[in-house]
Amino acid sequence: MQVDILIIGQGICGTMLSWNLFKEGKSFLIVDNNLPAAPSKVAAGVINPVTGRRYSYSWMIDTLMPFAHESYAEIGNFLDQKISFEKSIIDFFPSAQMRDAFVTRMTENDTYLHTYPDQNQFNQYFNYEFGCGKIQPAYTTDLQTLLSSWRSYLTNRNLLLEEDFKAENLSFQTDSVSYNHITAEKIIFCDGIHSMNYSWFKGLPFAPSKGEAILIESKELTNQHIFKKSMAIVPLFSEDLFWVGSSYEWDYSHPNPTNEFLEKTKFHLDTWLKVPYKIVDHKAALRPSTLERRPFVGFHPQNPMIGILNGMGTKGASLTPYFAQQLAQHIVNGVPITPEADINRFQRILSK
Ligand SMILES: Cc1cc2nc3c(=O)[nH]c(=O)nc-3n(C[C@H](O)[C@H](O)[C@H](O)COP(=O)(O)OP(=O)(O)OC[C@H]3O[C@@H](n4cnc5c(N)ncnc54)[C@H](O)[C@@H]3O)c2cc1C
């Protein structure tokens, strides 16, 4: 079998890259082993334009957020699904200091931060003694529907092989790559933290971070907004179901859900929520985070047949549509890759 591009992994990166190649008429095949604990299957898919304790605006967010919303609308139309939902974030300040930080930042730049006029509106659902502000626009992305619908589309057309990719079966010729019975012009790795294991990406500064989340059911909680108070409560796409999370750990002994997170989250919800809830699931995954919090996009400086779309860290939902399109345009039309994302910035390390 001969294709233009062989893609390893069908998380959000492999999905959006293959979608962009598909639109450009490039042939491709995806190899994906359908790991249940892939972060794309555990994530809430929130796009929050604001980050950190100082309410800084995220890198490139003015470009990334509308781009992501439009891209999800486009692939959603194709798949006959709604993927991206605008939902404002109600930010309950955990302390007076955080309220001051919000107000200071809003005074400097109020693009995404707004006062909430009726401070008592959420009294029936939550305890909050320091008030709340509103972050808008923000989005939730239905990654489960996106990944599974695109997977069905690909599977029905024999464009996806459900199996484990094994690097030892890969070989390179002068201008092609062979993998078992497949020959391609290029191979692009979209396999999250697993890219760290290949000799050709050794040295890329991955810094995986573990995240845990629980799913709760609550008939009485409103699903009109995303709610935040240290943790986030995110309405999911089936009725009465909410995602609650998450943790960020760089130092962990195993990748699985922990009792410690469960107990901490229960305690937090019991003091914050006034309405009853039931825990229905608990998940964990390792995010492909990077030391300098910028993605890894582009082709290996020593072997231009090997590419990567990875390193989305905590922001896969917002970063991926833009950089997947950029990588596809780079392949098809030679469009340059944003220097802060291009793996060529690690030319020296990757050439060792
Ligand atoms: C708890 C938690 C909450 C999060 N919340 C958000 C959020 O609200 N918003 C946001 O933007 N981001 C969030 N993230 C981050 C987001 O999930 C990641 O940035 C994103 O999912 C990374 O996607 P990916 O496609 O690079 O990798 P992955 O999701 O890891 O996908 C990799 C794919 O490759 C496959 N694969 C791996 N190895 C092989 C192999 N050897 N052979 C074949 N296939 C293979 C896997 O099965 C998988 O399908 C969250 C992450 C976590 C853990």
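Note that the coordinates shown come from a computational prediction; the quantities given were computed from them, not determined experimentally. (Residues numbered from 1 in each chain as written. Predicted model: local features only at pLDDT ≥ 70, side-chain atom pairs only at ≥ 80, totals over all residues. Heavy atoms only, no water.)

## With respect to the pattern of salt bridges
Considering all chains together, one arrives at ten salt bridges under this definition. Linking Asp240 and Lys219 is a salt bridge whose minimum nitrogen-to-oxygen distance equals 3.3 Å. Of the two residues, Asp240 sits in the loop between β17 (231–235) and β18 (241–245) while Lys219 sits in the loop between β15 (209–217) and β16 (226–229), which places them 21 residues apart along the sequence. Exposure remark for Lys219: the relative accessible area of 68% places this residue in the exposed category. (Salt bridge = Lys/Arg side-chain N within 4 Å of Asp/Glu carboxyl O. Helix = DSSP H or I, 4+ residues; strand = E, 2+ residues; numbered from the N terminus. Buried < 20%, exposed > 50% of the residue type's maximum accessible area, 1.4 Å probe, protein only.)

## With respect to the sheet that holds strand β3 (residues 46–47)
Strands sit in the order β3-β10-β6 across an open sheet of three strands; the sheet is antiparallel. The open sheet has two free edges, formed respectively by β3 and β6 (84–86), since each of these has just one partner strand. Here β3 pairs with strand β10 (residues 139–141) via two bridges, running antiparallel. Bridge pairing links Ile47 to Tyr139 in β10. (Pairing = 2+ DSSP bridges.)

## Quick notes on the sheet that holds β15
The eight strands are arranged β8-β9-β7-β16-β17-β18-β15-β19 in an open sheet whose pairing can be described as mixed. Every interior strand has two partners, whereas the edge strands, β8 (113–115) and β19 (278–287), have only one. Neighbour-to-neighbour, the strand axes of the sheet open up by a mean angle of 25 degrees, direction not taken into account. Note: β15 against β18, five bridges, orientation antiparallel. Residue pairing in the sheet places Ala213 in a bridge with Gly245 of β18. Those strands touched by helix α4 (residues 96–108) are β7 (89–92), β8 and β9 (132–135), and its axis lies near 110 degrees from that of β8. The strands touched by helix α6 (residues 259–272) within the sheet are β7, β15, β16, β17, β18 and β19, with β15 carrying the most contacts at an inclination of about 50 degrees. (Axes fitted to C-alpha atoms, helices over the stretch in contact; angles between N-to-C directions. Contact = heavy atoms within 4.5 Å.)

## Brief notes about the UniProt feature "domain: FAD dependent oxidoreductase" (unreviewed entry) in the chain
UniProt annotation of "domain: FAD dependent oxidoreductase" (unreviewed entry) refers to residues 4–329 when read in the numbering used here. In residues 4–329, the share of helix is 28% and the share of strand is 28%. The end C-alpha atoms are 14 Å apart. (UniProt positions renumbered as here; feature names shortened; annotations may be inferred.)

## Looking at the pairing of β15
In terms of burial, β15 is largely enclosed, as eight of its nine residues are buried. With nine bridges connecting them, β15 and β19 associate as antiparallel partners. Bridged to Lys210 within β19 is Leu286.

## Here we look at unusual backbone geometry
Of the consecutive residues Gln136 and Pro137, the connecting peptide bond is found in the cis state with omega at 0 degrees. Looking at where Pro137 falls in the secondary structure, it is placed in the loop between β9 and β10. Cis geometry is adopted by the peptide bond preceding Ser246, which originates at Gly245 and carries an omega value of -5 degrees. For Ser246, the location among the structural elements is in the loop between β18 and α6. Unlike most non-glycine residues, Tyr55 shows phi in positive territory, near 55 degrees. Position of Tyr55 among the secondary structure elements: in the loop between β4 (50–51) and β5 (56–57). On the accessibility criterion, Tyr55 (4% relative accessible area) is buried. Of note, the phi angle at Asn158 is positive, near 55 degrees, even though the residue is not glycine. Relative to the assigned elements, Asn158 resides in the loop between α5 (143–156) and β11 (160–162).

## Considerations on the packing of helix α1 (residues 12–23) against helix α3 (residues 61–79)
Where α1 contacts α3, the axes come no closer than 12 Å and their chain directions differ by 70 degrees. Considering the angle they form, α1 stands roughly perpendicular to α3. Across from Ile12, Met16, Trp19, Phe22 and Lys23 in α1, the residues of α3 making contact are Ser71, Tyr72, Glu74, Ile75 and Phe78. In the contact of α1 with α3, the residues fall into seven nonpolar, one polar and two charged. (Parallel < 35°, antiparallel > 145°, perpendicular 65-115°, else oblique. Nonpolar A, V, L, I, M, F, W, Y, C, P; charged D, E, K, R; others polar.)

## With respect to the site of the ligand
Near the ligand there are 38 residues, and of these Asp32, Asn33, Ser40, Gly313 and Ala317 occur at the shortest range. The separation between an oxygen atom of the ligand and a polar main-chain atom of Ile12 is 3.2 Å. Contact distances for the ligand include 3.1 Å between an oxygen atom and a backbone N or O atom of Gly316. Notes on the ligand: free accessible area 1000 Å², of which the protein chains cover 96%. Of all the elements in the fold, those that place two or more residues in the shell around the ligand are α1, β2 (28–32), α2 (39–42), β15, β19 and α7 (316–333). With three residues, α2 is the single largest residue contributor to the shell around the ligand. Each residue belonging to the shell around the ligand can be placed in one class, and the counts come to 17 nonpolar, 14 polar and seven charged. Here the shell around the ligand gathers at least three residues from each of two domains, domain 1 (2–42 + 144–206 + 291–350) and domain 2 (89–136 + 209–287). (Near = heavy atom within 4 Å. Polar contact = N/O pair within 3.5 Å; in protein donor to acceptor, adjacent residues only side chain to side chain. Areas by Shrake-Rupley, 256 points an atom, 1.4 Å probe, with all protein chains shown as cover. Domains from an automatic or database assignment.)

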